[in-house]
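Close look at the chain arrangement
One letter stands for each residue in the lines below.
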Amino acid sequence: MAKQPSRIHEFGRKRLVALKRKPQTVALIVLAVAFIYYSFNLSQISNTTALINGPHMGLAEFATMLFSALGLVCFLNSFPHRKKANIPMLVLTFLMIALLLYCDYYYGGRITAALTREESPIDPTGRNAFVAAAQQVLRIHSIILIAGLSLLALLPVYSPLLRKINTSIEVEDSGNLSAIDITEE
């Protein structure tokens, strides 16, 4: 009788099989983590926008949330089930991620301008510590987005490598198939 694999081992094997079938899930998870991270830290971004009130900071903040959601929708439509990749939607996904990176860069530039201006610069310590936290959120968000963009761009490279992983289960054979009587009596 064949030895049954442990539940944890079987769970991991099933996840690996699912990943082999849909390798784009890795990039999707990373981009979803970027969206969730930015969403959970939106209070620091909003407080910074209210304090600095630089040109188009609120618009950049809104565009980041909008393009994050739309980028995930475009990504999901880029890889339909059991069909070839939808190239126009994939291009839109790359465009949305590029716009997200630009919004982060622009917003970070507005913060830097407010911290280094000649007339009444903002001190990012004490009561205004959320400004430094917002800068850190933007840096980490950009890094996660770049990682997701890289994983999406390198999908043709690591997809065949994932498919080479052996996920089959070895079944023990009794070797005595001729002894089975299948004739009706």
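In this report, the structure presented in the accompanying data block is examined. Predicted, not measured: the structure shown is a model, and the values here were computed from it.

The rules we used
- Residues numbered from 1 in each chain as written.
- Predicted model: local features only at pLDDT ≥ 70, side-chain atom pairs only at ≥ 80, totals over all residues.
- Heavy atoms only, no water.
- Helix = DSSP H or I, 4+ residues; strand = E, 2+ residues; numbered from the N terminus.
- Expected span 1.5 Å × (residues − 1).
- Contact = heavy atoms within 4.5 Å.
- 1 Å grid on protein atoms, 1.4 Å probe; cavity = no way out; pocket = protein on both sides within 12 Å on 5 of 7 lines; lining within 4 Å.
- Points joined across faces, edges and corners; volume = space filled by probe spheres on them.
- Axes fitted to C-alpha atoms, helices over the stretch in contact; angles between N-to-C directions.
- Parallel < 35°, antiparallel > 145°, perpendicular 65-115°, else oblique.
- Left-handed = near helix turned anticlockwise from the far one by under 90°.
- Buried < 20%, exposed > 50% of the residue type's maximum accessible area, 1.4 Å probe, protein only.
- Core = buried A, V, L, I, M, F, W, Y, C linked by side-chain atoms within 4.5 Å.

Attention now moves to helix α1 (residues 7-21). Its 15 residues place the ends of α1 21 Å apart at the C-alpha level, agreeing with the 21 Å of an ideal helix rising 1.5 Å per residue. Contacts from the buried residues of α1 go to α7 (155-163).

For the coordinates displayed, the defined rule picks out one cavity of 30 Å³ or more. Computed from the structure, the largest cavity encloses a volume of approximately 80 Å³. What lines the largest cavity is simply L31, A34, F35, F67, S68, G71, L72, M96, I97, L100 and L145. Within the residue set of the lining of the largest cavity, elements represented by two or more residues are α2 (25-40), α4 (57-78) and α5 (87-116). It is α4 that provides the largest number of residues to the lining of the largest cavity, a total of four residues.

A few words now on the layout of surface pockets. Size it by volume and the largest pocket reaches roughly 400 Å³. If you go around the largest pocket, you meet 18 residues; those closest to its centre are R21, K22, Q24, F79 and P80. For the lining of the largest pocket, the secondary structure elements donating two or more residues are α2, α4 and α7. Sort the elements by how many residues they give to the lining of the largest pocket and α7 lands first, with three residues.

Once that is clear, we can look at the packing of helix α3 (residues 42-52) against α5. The contact between α3 and α5 brings their axes to 11 Å, and the two run at 50°. Viewed along their axes, α3 and α5 adopt a mutual orientation that is oblique. Note on packing geometry: the crossing formed by α3 with α5 is left-handed. Listed contacts from α5 to I45, T48, T49 and I52 of α3 are Y107, R110, I111 and A114.

With glycine set apart, most residues show a phi of negative sign, and most peptide bonds adopt trans. The phi dihedral of R82 is positive, around 60°, even though this residue is not glycine. Among the secondary structure elements, R82 is positioned in the loop between α4 and α5. When its relative accessible area of 76% is taken as the criterion, R82 is described as exposed.

Once that is clear, we can look at the nonpolar core. Considering soluble globular proteins, one finds that nonpolar side chains tend to be buried as a cluster. Judged by nonpolar contacts, the single largest core of 22 residues is most densely connected at L31, F75, F79 and L152. Elements supplying a minimum of two residues to this core: α2, α4, α5, α6 (129-153) and α7. Ranked by the residues each element gives to this core, the list is headed by α5, at six residues. When near neighbours in sequence (up to four residues on either side) are disregarded, F79 contacts Q24, A85, L90, L152 and L155. Among the nonpolar cores identified, the runner-up in size contains 15 residues, and Y38, A114, L115 and I122 belong to it.

Below, the discussion takes up the packing of α5 against α6. Contact geometry of α5 with α6 gives a least axis separation of 10 Å together with a crossing angle of 160°. Here α5 is positioned roughly antiparallel relative to α6, judged by the angle of their axes. In this structure, α5 crosses over α6, and the sense of that crossing is left-handed. Listed contacts from α6 to L90, T93, F94, I97, L100, L101, D104, Y107, G108, I111, T112 and L115 of α5 are V131, A134, Q135, L138, H141, S142, L145, I146, L149, L152 and A153.

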